[in-house]
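Take a look at the letters that make up each chain.
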Amino acid sequence: MAPICNEDTRASDLVRHYGPQISGKAILITGVSPGSLGESFVKQVAVAQPAIFILAGRSVPKMQGLIDELNHTHPRIKVKPLMLNLLSFTDVRKAAETVNSWTDVPKIDVLVNNAGIMAVPYKLTEDGFESQFQTNHLSHFLFTNLIMGKILASQTPRVVLVSSGVHRVGHIRWSDYNFNEGKTYQRWLSYGQSKTANALMGLALAERLGSRGLLAFPLCPGTSFTNLSAHGKDDLVAFAADLTEMDNIYGNKWFAGMADLKFKNLDQGAATHVFAAFDTSLVEHNGAFLSDCHIADPNKEEVYSWATSKVDAERLWKLSEKLVGQEFKY
């Protein structure tokens with residue numbers, strides 16, 4: 001019997017249900033540091049015996065604990081670490097070259113673009129872009145397209161993009177994605193912009209490559225206490241107040257503060273990741289934004305119009321090509 005899909009659904013329950021879809025798959029996930037939803041996803045999915053996990057992150061030593069655990073508890077799963085620094089296009093290209101050079105990985109069945117930073121102080125990357133926009137969107141855009149050959153080599157290629165409900169306070173700032181070199185920077189507006197970008201990239205991939213069998217799903221995992229918000233824990237009140245202020249400006253009535261949030265544990269937090277990566281009923285809804293293990297309902301403010309616009313998805317694709325300095329024709 002299929003698990004009930006709602007905000008309480010656990011990844012571990014879904015993995016038992018999706019076992020046949022997971023077994024033997026090659027899965028690449030970005031962002032698997034300790035205490036993250038990415039790490040939780042890997043630990044839960046490992047139970048169903050995928051063939052290989054490619055674990056991508058900026059610090060391989062930080063992944064070593066997870067690698068050792070997988071080698072001990074699931075020795076039949078091949079585990080390959082991948083150095084991926086999303087703050088540098090040069091490093092992203094090196095990582096993609098590495099993946100493409102692996103003859104023992106002829107295909108990637110599922111790519112989970114999970115890594116990200118959230119509501120950090122203003123900083124420009126070495127490539128000259130606001131750090132959240134590059135880390136969360138531009139570098140994932142570049143990496144995904146550079147390894148697309150291996151993804152399309154799968155019989156069931158799928159890309160999962162971890163967005164956020166915070167896209168509600170951040171449409172794409174087409175003429176000022178860098179916040180006027182920081183002069184107009186607001187940390188949640190920036191995070192929201194990058195999460196809207198994740199949603200639009202998923203939609204653009206579905207539009208461009210759906211005819212070749214690719215499925216792409218952006219998602220909101222809900223709210224969990226993870227290492228993503230570690231820098232905000234010392235001043236959680238101000239951290240939340242800044243977001244509430246942006247919600248008030250946008251007129252998002254449903255969010256009145258931290259007290260209204262339902263927090264998920266890490267098993268629940270990774271559930272929509274698993275749903276997006278392996279559910280077969282989603283085939284007819286390619287590119288849809290997912291929340292709490294279902295297709296998000298715009299009438300319930302689970303997803304906003306600027307994150308589901310095909311016009312904006314096309315516009316962002318063109319802008320992203322320009323910013324990373326490479327076109328991807330499909």
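Parameters and conventions
- Counting of residues starts from 1 at the beginning of each chain's written sequence and follows it residue by residue.
- Local features are withheld for residues below a pLDDT of 70 in this predicted model, meaning they are given only at 70 or higher, and side-chain atom pairs are given and counted only at 80 or more; totals for whole chains, interfaces and linings count all residues.
- The side-chain numbers reported here are obtained from all heavy atoms of the structure, hydrogens and water having been left aside.
- UniProt positions are given in the numbering used here, feature names are shortened, and annotations may be inferred rather than shown by experiment.
- Helix numbers and strand numbers start at the N terminus; a helix is a DSSP run of H or I with at least 4 residues, a strand a run of E with at least 2.
- Restricting the calculation to C-alpha atoms gives the radius of gyration, and the globule rule supplies 2.2 Å times the number of residues raised to the power 0.38.
- Residues count as neighbours in contact if any of their non-hydrogen atoms are within 4.5 Å of one another.
- Note on areas: Shrake-Rupley with a 1.4 Å probe; residue coverage comes only from the protein chains shown.
- Within this scheme the basic residues Lys and Arg register as positive and the acidic residues Asp and Glu register as negative, but His and the chain ends are omitted.
- Charge positions are represented by NZ for Lys, CZ for Arg, CG for Asp and CD for Glu.
- Every case where a carboxyl oxygen of Asp or Glu lies within 4 Å of a side-chain nitrogen of Lys or Arg is listed as a salt bridge.
- Think of it in three bands: residues with accessible area under 20% of the maximum for their type are buried, residues over 50% are exposed, and the middle band is partly exposed, with areas taken using a 1.4 Å probe on protein chains only.
- For the purposes of these results, a polar contact is taken to be a pair of N or O atoms within 3.5 Å, where, inside protein, one atom must be able to donate a hydrogen and its partner to accept one; residues adjacent in sequence count only when each atom of the pair is a side-chain atom.
- Buried Ala, Val, Leu, Ile, Met, Phe, Trp, Tyr and Cys residues that are joined via side-chain atoms within 4.5 Å together make up what is termed a nonpolar core.

Per an unreviewed UniProt entry, the recorded name for the protein chain is Short-chain dehydrogenase, and the organism is Aspergillus caelatus. Turning to the protein chain, the UniProt annotation filed under Sequence similarities (unreviewed entry) states: "Belongs to the short-chain dehydrogenases/reductases (SDR) family."

Assigned secondary structure in the protein chain consists of twelve helices and ten strands. The C-alpha atoms of the protein chain give a radius of gyration of 18 Å, which matches the 20 Å a tight globule of 330 residues would have. With respect to the three principal axes, the spread of C-alpha positions in the protein chain is 50 × 45 × 40 Å. Restricting to contacts in the protein chain with at least 6 residues of sequence separation, those with at least 24 account for 77%. In the form shown here, the protein chain has an accessible surface area of approximately 13,600 Å², with 52% of it arising from carbon and sulfur atoms. Charge separation in the protein chain, taken as the distance between the mean sites of 32 positive and 33 negative side-chain charges, equals 5 Å.

Okay, the pattern of salt bridges next. Where charged atoms of side chains with opposite charge meet at close range, the side chains can pair. One pass over the structure, following the stated rule, counts 13 salt bridges. Its salt-bridge partner being Lys43, residue Glu69 comes within 3.5 Å of it at the nearest N-O pair. On the criterion of sequence distance, the pair formed by Glu69 in helix H4 (residues 60–73) and Lys43 in helix H3 (residues 37–45) is long-range, its members being 26 residues apart. Across the pair Asp104 and Lys80 runs a salt bridge, and its minimum N-O distance is 3.1 Å. Note that Asp104 is positioned in the loop between helix H5 (89–101) and strand S4 (110–113) and Lys80 in strand S3 (residues 78–83), a separation of 24 residues in sequence. Three or more residues joined by partner-sharing salt bridges are found here, namely Arg10, Asp13 and Arg16.

What follows is about unusual backbone geometry. Phi is positive for Phe179, which is not a glycine, with a value near 55°. Tracing the chain through its elements places Phe179 in the loop between strand S5 (158–162) and helix H8 (187–209). With relative accessibility at 0%, the residue Phe179 sits in the buried group. The residue Glu301 is not glycine, and still its phi comes out positive at about 60°.

The next thing to look at is the side chain of Ser190. Within the secondary structure, Ser190 sits in helix H8. Exposure remark for Ser190: the relative accessible area of 0% places this residue in the buried category. Of note is the side chain of Ser190, whose polar atom sits 2.7 Å from the side chain of Glu130. Apart from the residues within four sequence positions on either side, Ser190 is in contact with Glu130, Gln132, Phe179 and Tyr185.

Our next topic: the nonpolar core. In globular proteins that are soluble, nonpolar side chains generally tend to be buried together. Ranked by internal contacts, the top residues of the largest apolar core, which has 48 residues, are Leu28, Phe143, Ile147 and Leu205. Secondary structure elements with two or more residues in this core: strand S1 (26–30), strand S2 (52–57), H5, helix H6 (131–146), helix H7 (148–152), S5, H8 and helix H12 (310–324). Considering every element that reaches this core, the biggest residue donor is H8, with seven residues. Apart from residues lying up to four places away in sequence, Leu28 is in contact with Ile54, Ala56, Val99, Ile108, Val110, Leu111, Val112, Phe143 and Ile147. If you look at the next biggest cluster of nonpolar residues, it comprises 38 residues, including Phe41, Leu70, Leu219 and Val274.

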